[in-house]
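Letter by letter, the chains look like this.
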Amino acid sequence: GASIGDVVSMNNLSYGLALWSVSAVLGPVFGPLLGSIFAQVLGWRWTFWALSWISGLAFIVLLFLLPETSEATILQRRARRLRLLTGDNRYTTKAEQEYANFTLREFAYESFVRPFVITFTEPGVFFLNSYTALIYAVMYSWFEAFPLVFVGIHHFNLIQTGLSYFGIMIGATVAAIAFCSAMYFYLAPRLQRGAPPETIFRIALFAAPILPVSLLMFGWSSTASVHWIVPIIASGLFLLGGYTVFQVVFNYLGMSYPRFLASVFAGNDLFRSCFAAAFPLYAKAMFVNLGGERFPVAWGSTLLAGIALLMVLIPVVLLILGHRLRSGSKYAN
């Protein structure tokens, strides 16, 4: 996210973040399909071979071809090059002068501590990170819920189960198109005329209620008497709302904390990734222990829907009070 902010102008940051974010959704969704094909046709070990090939290729490409995007680092390298060519030590940069007297402790603070400080001392950042963590966690919990529904109830094979995740992919794609359209035709003109960053939460007011509704729809339609397409549609609706909320959060953080964009996005990434990593470890137990034979994931989904319903208050409160929180912050613009 910070690299997108480096190479895309502030006016187009929303579209860059939208394209970057949709890949973060489509990747995990495409994974079960690819893995299920290899596992069913060639055996489960081939899922690891395929992942190794993809990861290895990405590593090689990024290691040799990924360019530096930080303006301060690019200028610092240019100044160093000029000093070597000319022998004139007057070539320097503002960043070099600022970091000249930096101690190891100060460097460690900037690199490793500040993301935590901003996350836990800025109320707006903390609650927005919590919101994205919930969305991410629910999406990853479906890697446990889908087999319970589509294998246990509808008796899908591995490939069919992998295909069931395509509802999420369609929902995210539709949401990306809708969000970019809303930004271009509605929000961008207002922000360019000086509207505060909190204006973007107006989109979240429409998207946030979709989350609890779609969770309830998924949970209570996951039964033998309901066609399998209904829970797939529900998962797509969840991403329609969840992806939009993601974009609202990313854009708000980008507009409110441009000086500390890397730290803010690093804190958000760590926060939601920890939830996403932990949630599948107990998600199956939650669904199984709360569910019954007829509705195996209904009460677990209802619990998540209740939490998502409470989270709807976050964009409402920030729309009203966000500017006050920013005015009292030493990190926000």
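Residues numbered from 1 in each chain as written. Predicted model: local features only at pLDDT ≥ 70, side-chain atom pairs only at ≥ 80, totals over all residues. Heavy atoms only, no water.

K.L.:
How would you sum up the overall build of the chain? Please name residues and give values.
P.N.:
Looking only at helices and strands, one finds 15 helices and zero strands in the chain. Overall size of the chain, expressed as C-alpha extent along the three principal axes, is 80 × 50 × 40 Å. Every one of the 333 residues in the chain was classed for burial, and the buried ones make up 42%. Of all intrachain contacts in the chain linking residues separated by at least 6 positions in sequence, the fraction that spans at least 24 positions is 76%. As presented, the chain carries roughly 17700 Å² of accessible surface, and 69% of it is formed by carbon and sulfur atoms. Placing the 20 positive and 13 negative side-chain charges of the chain at their respective mean positions leaves the two points 4 Å apart. (Helix = DSSP H or I, 4+ residues; strand = E, 2+ residues; numbered from the N terminus. Buried < 20%, exposed > 50% of the residue type's maximum accessible area, 1.4 Å probe, protein only. Contact = heavy atoms within 4.5 Å. Areas by Shrake-Rupley, 256 points an atom, 1.4 Å probe, with all protein chains shown as cover. Lys, Arg positive; Asp, Glu negative; His and termini not counted. Charge placed at Lys NZ, Arg CZ, Asp CG, Glu CD.)

K.L.:
Go over the packing of aromatic side chains with me, naming the residues and quoting the values.
P.N.:
Here a ring pair, both rings aromatic, is described through the centre-centre distance and the interplanar angle of the planes. Using the criterion set out here, one finds 25 aromatic pairs in the structure. On the basis of an interplanar angle of 5° and a centroid distance of 6.4 Å, the ring pair of Phe38 and Trp46 is categorised as stacked. According to the relative accessible area criterion, Trp46 is partly exposed, its value standing at 33%. Look at Phe126 and Phe127: their rings are 5.4 Å apart centre to centre, the planes differ by 75°, and that puts the pair in the edge-to-face class. Classification of Phe126 as partly exposed rests on a relative accessible area of 28%. These aromatic residues form a ring-pair network of at least three members: Trp20, Tyr136, Tyr140, Phe246, Phe250 and Phe265. Over the ring of Tyr136 we find Arg272; its NZ or CZ atom is 5.0 Å from the centre of that ring. (Phe/Tyr/Trp six-rings, centres within 6.5 Å; stacked < 30°, edge-to-face > 60°. Lys NZ or Arg CZ within 6 Å of the ring centre and 35° of its normal.)

K.L.:
Hey, could you go over the pattern of salt bridges for me, with residue numbers and the actual values?
P.N.:
Tallying each qualifying case throughout the model produces four salt bridges. Salt-bridge contacts for Arg90 lead to Asp88; the nearest nitrogen and oxygen are separated by 2.9 Å. (Salt bridge = Lys/Arg side-chain N within 4 Å of Asp/Glu carboxyl O.)

K.L.:
Can you break down the layout of surface pockets residue by residue, with the values?
P.N.:
Estimated volume of the largest pocket: approximately 1100 Å³. Lining the largest pocket are 32 residues; nearest its centre among them are Asp6, Ser70, Ala72, Tyr99 and Arg259. Taken together, the elements giving at least two residues each to the lining of the largest pocket come down to helix H1 (2-7), helix H4 (71-86), helix H5 (94-99), helix H6 (104-121) and helix H13 (261-290). With five residues, the top contributor of residues to the lining of the largest pocket is H4. Classifying every residue of the lining of the largest pocket gives 14 nonpolar, ten polar and eight charged. (1 Å grid on protein atoms, 1.4 Å probe; cavity = no way out; pocket = protein on both sides within 12 Å on 5 of 7 lines; lining within 4 Å. Points joined across faces, edges and corners; volume = space filled by probe spheres on them. Nonpolar A, V, L, I, M, F, W, Y, C, P; charged D, E, K, R; others polar.)

K.L.:
I'd like to hear about empty space enclosed by the protein, residue by residue, with values.
P.N.:
What the rule picks out here adds up to one cavity of 30 Å³ or more. Each pocket or cavity is described by its volume, and for the largest cavity that value is around 50 Å³. Forming the walls of the largest cavity are Glu122, Pro123, Gly124, Val125, Tyr252, Tyr257, Leu318, Gly322, Leu325 and Arg326. Looking at the lining of the largest cavity, the elements that each hand over two or more residues are helix H7 (123-151) and helix H15 (313-327). Considering every element that reaches the lining of the largest cavity, the biggest residue donor is H15, with four residues. Residue composition of the lining of the largest cavity, grouped by class: six nonpolar, two polar and two charged.

K.L.:
How would you explain the environment of Leu57 if you had to name every residue and give the values?
P.N.:
Tracing the sequence through the fold places Leu57 in helix H3 (residues 45-65). Along the backbone, Leu57 and Val149 are 92 residues apart, and their C-alpha atoms lie at a distance of 34 Å.

K.L.:
Mind laying out the side chain of Thr223, listing which residues take part and the relevant values?
P.N.:
Relative to the assigned elements, Thr223 resides in the loop between helix H11 (210-221) and helix H12 (229-256). What Thr223 contacts, discounting residues up to four positions off in sequence, is Ile153, His154, Arg294 and Phe295.

K.L.:
Describe in detail the UniProt feature "transmembrane region" (unreviewed entry) in the chain, supporting the description with residues and values.
P.N.:
The feature "transmembrane region" (unreviewed entry), as given by UniProt, occupies residues 12-34, 46-66, 124-143, 163-187, 199-220, 226-253, 260-283 and 303-321 in the numbering adopted here. For residues 46-66, helix accounts for 95% and strand for 0%, while the C-alpha atoms at its two ends are 29 Å apart. The distance separating the terminal C-alpha atoms of residues 226-253 is 41 Å; by composition the span is 89% helix and 0% strand. (UniProt positions renumbered as here; feature names shortened; annotations may be inferred.)

K.L.:
Residue-level account of the nonpolar core, with values.
P.N.:
Nonpolar side chains in soluble globular proteins generally cluster together in the buried interior. Core analysis: the biggest nonpolar cluster contains 73 residues, and Tyr131 and Trp142 have the highest contact counts within it. No other element matches H7, which puts 14 residues into this core. For Trp142, the contacting residues outside a window of four places in its chain are Pro147, Tyr165, Ile168, Leu215, Phe218, Ser235, Phe238 and Leu239. (Core = buried A, V, L, I, M, F, W, Y, C linked by side-chain atoms within 4.5 Å.)

K.L.:
Give me H12: which residues, what numbers.
P.N.:
For H12, with 28 residues, the first-to-last C-alpha span of 40 Å sits near the 40 Å given by 1.5 Å per residue. With 22 of 28 residues buried, H12 lies mostly within the body of the structure. (Expected span 1.5 Å × (residues − 1).)

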